[in-house]
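Report on the structure
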Amino acid sequence: MENNALKNKTTALSLSVIRLYRTLNRDRGNEVLARQLLRSATSIGANVREAVYGLSRADFIAKMQIALKETAETEYWIELLRDSDTLPPESCAALLQDCIEIKRILIATLKSCKTIP
């Protein structure tokens, strides 16, 4: 089921970012970027989980849209880490691919929710 895939992918992304955060946070200069990345990446899964228990369809859609926005923000922080040479491109590639896959699922879910009467 797609929601299980989304749950699994958001959890896996969060765990990858938590591990990366521990590495990045060893250097005080990376503190802000690392914290922002950690916050946005873990927020994706939290909003997806919260959406499942939404009070209404509109609440479900709103939480999924927040998850989508957090995914885009997570991509931004990963790109900054890559483009500032803080992380090598190959380290960022898998994380960015995970974000793309999560975005695809979120967009498909949102489209189907908005077209069902």
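Residues numbered from 1 in each chain as written. Predicted model: local features only at pLDDT ≥ 70, side-chain atom pairs only at ≥ 80, totals over all residues. Heavy atoms only, no water.

This brings us to the packing of helix α3 (residues 57-83) against helix α4 (residues 89-115). Each pair of packed helices gets described by two things: the angle between the helix axes and the distance between those axes. At their nearest, the axes of α3 and α4 sit 9 Å apart, and the two run at 160° to each other. The angle between the axes of α3 and α4 places the two elements in the roughly antiparallel class. Judged by the twist between their axes, the crossing of α3 over α4 is left-handed. Here the residues of the contact of α3 with α4 are counted per class, giving 17 nonpolar, four polar and six charged. (Axes fitted to C-alpha atoms, helices over the stretch in contact; angles between N-to-C directions. Helix = DSSP H or I, 4+ residues; strand = E, 2+ residues; numbered from the N terminus. Parallel < 35°, antiparallel > 145°, perpendicular 65-115°, else oblique. Left-handed = near helix turned anticlockwise from the far one by under 90°. Nonpolar A, V, L, I, M, F, W, Y, C, P; charged D, E, K, R; others polar.)

Another aspect to go through is the environment of Leu95. Locating Leu95 in the fold gives a position in helix α4. The exposure class of Leu95 is buried, given its relative accessible area of 8%. Separated by 61 residues in sequence, Leu95 and Ala34 place their C-alpha atoms 14 Å apart. Non-local contacts of Leu95, meaning those with residues more than four positions away in its chain, are made with Leu13, Ser16, Val17, Leu20 and Ile78. (Buried < 20%, exposed > 50% of the residue type's maximum accessible area, 1.4 Å probe, protein only. Contact = heavy atoms within 4.5 Å.)

What follows deals with unusual backbone geometry. At Asp85, a residue that is not glycine, the phi angle is positive and equals roughly 65°. The class of Asp85 is exposed, set by a relative accessible area of 70%.

Just distances and angles here, no functional claims.
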